[in-house]
Amino acid sequence: MQIFYKNTGLNPYVWLVFFILPFYYISQYSKLWTMVTGIIIILVFFVCYLLAFITKGWQVYMWIGLLIAISITMTIAYDYAYFSLFLAFLLGILKIKPVSSPYTR
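Rules and cut-offs
- Residues numbered from 1 in each chain as written.
- Predicted model: local features only at pLDDT ≥ 70, side-chain atom pairs only at ≥ 80, totals over all residues.
- Heavy atoms only, no water.
- Helix = DSSP H or I, 4+ residues; strand = E, 2+ residues; numbered from the N terminus.
- Buried < 20%, exposed > 50% of the residue type's maximum accessible area, 1.4 Å probe, protein only.
- Areas by Shrake-Rupley, 256 points an atom, 1.4 Å probe, with all protein chains shown as cover.
- Patch = residues over 30% accessible without salt bridge, like charges linked within 9 Å, V, L, I, M, F, W, Y side chains within 5 Å.
- Salt bridge = Lys/Arg side-chain N within 4 Å of Asp/Glu carboxyl O.
- Core = buried A, V, L, I, M, F, W, Y, C linked by side-chain atoms within 4.5 Å.
- Contact = heavy atoms within 4.5 Å.
- Axes fitted to C-alpha atoms, helices over the stretch in contact; angles between N-to-C directions.
- Parallel < 35°, antiparallel > 145°, perpendicular 65-115°, else oblique.
- Nonpolar A, V, L, I, M, F, W, Y, C, P; charged D, E, K, R; others polar.
- Phe/Tyr/Trp six-rings, centres within 6.5 Å; stacked < 30°, edge-to-face > 60°.
- Arc of directions from axis to C-beta.
- Polar contact = N/O pair within 3.5 Å; in protein donor to acceptor, adjacent residues only side chain to side chain.

**Student:** What am I meant to see in the overall build of the protein here?
**Tutor:** Secondary structure summary: the protein contains four helices and zero strands in total. In sequence order, the secondary structure elements of the protein are arranged as α-α-α-α. With 105 residues in all, the protein has 27% of them scored as buried. Split by element, the accessible area of the protein, about 8000 Å² in all, is 72% carbon and sulfur.

Spelled out as structure tokens, the structure:
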């Protein structure tokens, strides 16, 4: 049983570090409520990120919109613009399918 595909190289390991880094950053805050709120926002971000990968159609754009809102919130509240890297990767691999129209053939 393989966890990662052979052709991905070091990419999964790099992204694993990227997933751990936000929790380390939030743990540096001294107030407990600030840390708990930050951890909840991070977990919501990663759940929405996963849902953006597994859904299809218009729902992908709904999740991306929510991810953008969370990223902006983290940037303003915690000075943490790191989630924009996740969004850039997600938008980079997003395949846009043309919308079928009765006027196109």
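What follows continues from the structure just given.
**Student:** Would you explain a nonpolar patch on the surface in this entry?
**Tutor:** Together, Leu32, Val36, Ile40 and Val44 make up a nonpolar patch on the protein surface, roughly 350 Å² of accessible area in all. Relative to the helices and strands, Val44 is located in helix H2 (residues 32–54). You can call Val44 partly exposed: its relative accessible area is 38%.

**Student:** What's the story with the nonpolar core in this structure? I'm lost.
**Tutor:** Looking at soluble globular proteins, one finds that nonpolar side chains tend to be buried together. Phe45, Leu67, Met74, Phe83 and Phe86 are the most contacted members of the largest nonpolar core, which totals 22 residues. Looking at this core, the elements with two or more residues in it are helix H1 (11–26), H2, helix H3 (58–78) and helix H4 (83–93). Excluding residues that lie within four positions of it along the chain, Phe86 makes contacts with Trp15, Phe18, Phe19, Phe45, Phe46 and Tyr49.

**Student:** Just to check I follow, could you spell out the packing of H2 against H4 for this structure?
**Tutor:** For any two helices packed against each other, one specifies the crossing angle of their axes together with the interaxial distance. Running from N to C, H2 and H4 point in directions that differ by 5 degrees, and their axes come no closer than 11 Å. For the element pair H2 / H4, the angle class is roughly parallel. Of H4, the residues touching H2 (which contributes Ile42, Phe45, Phe46, Tyr49, Ala52 and Phe53) are Phe83, Phe86, Phe89, Leu90 and Ile93. When the residues that make up the contact of H2 with H4 are grouped by side-chain class, the tally is eleven nonpolar, no polar and no charged.

**Student:** Explain the packing of aromatic side chains to me, please; I cannot follow it from the model alone.
**Tutor:** Geometry of an aromatic ring pair is reported as the spacing of the ring centres plus the angle between the planes. What the rule picks out here adds up to 19 aromatic pairs. An angle of 65 degrees between the planes, with centres 4.8 Å apart, marks the rings of Phe19 and Phe46 as edge-to-face. One end of the pair, Phe19, is in helix H1; the other, Phe46, is in helix H2, with 27 residues separating them in the sequence. Of the residues examined, Phe19 reaches a relative accessible area of 29% and is grouped as partly exposed. Ring geometry for Phe46 against Phe83: centres 6.0 Å apart, planes inclined by 85 degrees, an arrangement best described as edge-to-face. Of the two residues, Phe46 sits in helix H2 while Phe83 sits in helix H4, which places them 37 residues apart along the sequence. Accessibility assignment for this pair places Phe46 and Phe83 in one class, buried.

**Student:** Just to check I follow, could you spell out H4 for this structure?
**Tutor:** For the α-helix, the turn length of 3.6 residues means that residues three or four positions removed from each other point alike. Among the residues making up H4, those that are buried are Phe83, Phe86, Leu87 and Leu90. Looking straight down H4, one finds its buried side chains confined to an arc of 95 degrees; they lie on one side.

**Student:** What exactly am I supposed to notice about the side chain of Thr55 here?
**Tutor:** Following the sequence through the fold, Thr55 ends up in the loop between H2 and H3. We classify Thr55 as buried; its relative accessible area is 16%. A polar contact of 2.8 Å, which involves the side chain of Thr55, links it to the backbone oxygen of Leu51. Residues contacting Thr55, with those up to four places away along its chain left out, are Val60 and Trp63.

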